[in-house]
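So the chains spell out like this:
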Amino acid sequence: MGLRPVQVNVKAVRDAVVARFWAEALNWSLFRPGATAYVGPVGDFVWPDPVAVGINVIPVPEPKPVTKNRVHLDLATTSEAHRAELVARLRALGATPVDVGQGEVPWTVLADPEGNEFCVLEPREIYRDTGPVAAVVVDCAKPRAMARFWDEAIDWTLHEVTDDQAVFRSAGGVGPYLEFVRTPDLKSVPDRVHLDLLPAPGDDRAAEVARLRALGATDLDVGQGDVPWTCLTDPEGHEFCVLSPS
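My aim in this report is to walk through the structure given alongside it, one point at a time. (Residues numbered from 1 in each chain as written. Predicted model: local features only at pLDDT ≥ 70, side-chain atom pairs only at ≥ 80, totals over all residues. Heavy atoms only, no water.)

### Observations regarding the overall build of the protein
Keep this limit in mind: A run of DSSP states H or I qualifies as a helix once it reaches four residues; a run of E qualifies as a strand once it reaches two. Both are numbered from the N-terminal end. All radius of gyration figures rest on C-alpha atoms, and the globule criterion is 2.2 Å times the number of residues raised to 0.38. Each residue is placed in one exposure class: buried if its accessible area under a 1.4 Å probe, protein chains only, is under 20% of its type's maximum, exposed if it is over 50%, and partly exposed if it falls in between. In what follows, residue pairs with any heavy atoms lying within 4.5 Å of each other are defined as contacts. To measure how exposed things are, a 1.4 Å probe is used in the Shrake-Rupley method; for residues, cover is taken only from the protein chains shown. Neither His nor the chain termini are counted; the positive set is Lys and Arg, and the negative set is Asp and Glu. The location of each charge is read from NZ of Lys, CZ of Arg, CG of Asp or CD of Glu.
Within the protein, the secondary structure is distributed over 4 helices and 16 strands. Here the protein has a C-alpha radius of gyration of 17 Å; the compact-globule value for 246 residues is 18 Å, and the two agree. Taking all 246 residues of the protein together, 48% fall into the buried category. Intrachain contacts of the protein at a sequence separation of at least 6 include 62% that bridge at least 24 residues. With an accessible surface of roughly 11,300 Å², the protein has 55% of that area assigned to carbon and sulfur atoms. The average position of the 23 basic charges and that of the 36 acidic charges among the side chains of the protein differ by 2 Å.

Structure follows, in structure tokens:
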């Protein structure tokens with residue numbers, strides 16, 4: 001029993017522009033399997049990808065609020081030269097530098113064409129085998145509490161938990177990390193970016209949702225109506241969806 005993070009869901013007014021940006025940024029492919037645009041590793045359309053966490057861009061009418069997203073991507077680099085080249089290429093694709101109060105840090109903070117923040121990291125050994133996405137990062141107030149909930153919620157392995165962060169990765173040790181990082185600001189608006197989780201083959205979505213509610217998840221109504229997924233929030237209010245196995 002357990003759920004697997006399979007994609008990062010990004011809301012966008014100009015969904016085609018944002019999806020194309022991320023496909024070119026990661027050197028991945030852009031697919032349109034339905035009403036949304038899906039960005040995943042190069043090759044034929046495979047969903048869910050066995051290793052990567054894809055990016056699913058969905059059209060919405062509302063622009064991004066001025067507040068910083070509480071979920072963002074960290075991109076991996078292999079050298080300082082690679083980082084500089086990647087930052088230059090991303091800016092040419094339409095990324096813009098942003099100041100989120102990071103101060104003097106060895107990484108670069110950018111935003112995609114609709115203002116969704118992300119980081120281009122300096123080379124780090126821990127991310128040498130993740131692929132282009134090093135980590136999905138979630139701002140939170142209490143990493144230890146997040147670790148307790150998410151360790152029960154998903155089938156990934158908890159690698160580290162401190163007062164400052166909780167770090168997960170797939171049980172197979174492949175793909176990106178999922179990191180909950182302590183930040184002083186509190187969640188105030190619905191996020192533009194959230195995780196989508198998928199039950200294991202043979203597991204029942206309703207049973208998984210009931211299990212999550214028992215762990216402390218709360219139902220969320222964003223006007224989704226009758227859809228084959230369930231919208232929830234974790235104990236700190238981070239939105240996520242449980243998708244149908246089919």
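### A short note on the sheet that holds strand 14 (residues 218-219)
Quick reminder of the rule: We treat two strands as partners when DSSP finds at least two bridges between them.
With respect to topology, 8 strands assemble into an open sheet ordered 2-3-4-1-13-16-15-14, the strand pairing being mixed. Looking along the sheet, the strands with just one partner apiece sit at the ends: strand 2 (29-31) and strand 14. One ladder, built from 6 bridges, connects strand 1 (residues 3-12) with strand 4 (residues 54-59); its direction is parallel. Bridging from a neighbouring strand, valine 8 pairs with isoleucine 55 of strand 4.

### Focus on the pairing of strand 15 (residues 229-233)
Buried residues dominate strand 15, accounting for 4 of its 5 residues. As paired strands, strand 14 and strand 15 are joined by 2 bridges and run antiparallel to one another. Residue pairing across strands places aspartate 219 opposite leucine 232, the latter belonging to strand 15. As defined by bridge partners, strand 15 adjoins strand 16 (residues 239-243) across 5 bridges and the pair is classed as antiparallel. Bridge pairing in strand 16 links cysteine 231 to cysteine 241. In textbook terms, the turn of a hairpin is the stretch between consecutive antiparallel strands, and for strand 15 and strand 16 this stretch comprises 5 residues, one of which, glycine 237, has a positive phi near 90 degrees.

### Some words on the pattern of salt bridges
Our working rule: The salt bridge definition used is simple: a Lys or Arg side-chain nitrogen within 4 Å of an Asp or Glu carboxyl oxygen.
Summed over the entire model, instances satisfying the criterion amount to 16 salt bridges. Between arginine 14 and glutamate 114 there is a salt bridge whose closest N-O contact spans 3.6 Å. Of the two residues, arginine 14 is situated in the loop between strand 1 and helix 1 (15-26) and glutamate 114 in the loop between strand 7 (108-111) and strand 8 (117-120); the sequence distance between them amounts to 100 residues. With relative accessibility at 41%, the residue arginine 14 sits in the partly exposed group. For glutamate 114, a relative accessible area of 13% corresponds to the buried category. Several salt bridges share partner residues, and in doing so they unite Arg14, Glu114 and Arg192 into one network.

### Description of the nonpolar core
Selection criterion: Nonpolar core, defined: a set of buried Ala, Val, Leu, Ile, Met, Phe, Trp, Tyr and Cys residues in which side-chain atoms within 4.5 Å join the residues together.
In this structure, Trp22, Leu90 and Trp150 are the most contacted members of the largest nonpolar core, which totals 52 residues. By residue number, the principal contributor to this core is helix 1, which donates 7 residues. One finds Ala76, Tyr127, Val137 and Val167 within the second-largest nonpolar core, a separate group that totals 10 residues.

### Quick look at helix 1
What counts here: Helix span, as expected, comes to 1.5 Å for every residue beyond the first.
Here helix 1 contains 12 residues, and its C-alpha end-to-end distance of 17 Å stays within 8% of the 16 Å for a straight helix at 1.5 Å per residue. Among all positions of helix 1, only Asp15, Val18, Ala19, Phe21, Trp22, Ala23, Ala25 and Leu26 are buried. Downstream of helix 1 by a residue or two, asparagine 27 has a phi angle that is positive, lying close to 60 degrees.

### Details of the packing of aromatic side chains
The description of an aromatic ring pair rests on the distance of the ring centres and on the angle between the ring planes. Operational definition: The pairing test for Phe, Tyr and Trp rings, Trp by its six-membered ring, is centres within 6.5 Å, and the orientation test on the planes gives stacked under 30 degrees, edge-to-face over 60, and tilted for anything in between.
For the coordinates displayed, the defined rule picks out 11 aromatic pairs. Ring centres of tyrosine 127 and tyrosine 177 lie 5.7 Å apart, and the angle between their planes is 70 degrees; this geometry places the pair in the edge-to-face category. Placement of the pair is tyrosine 127 in the loop between strand 8 and strand 9 (133-140) and tyrosine 177 in strand 12 (residues 177-182), with a sequence separation of 50 residues. The pair formed by tyrosine 127 and tyrosine 177 is uniform in burial state, with each residue classed as buried. Among the aromatic residues, those joined into a ring-pair cluster are Phe149, Trp150, Phe168, Phe180 and Phe240.

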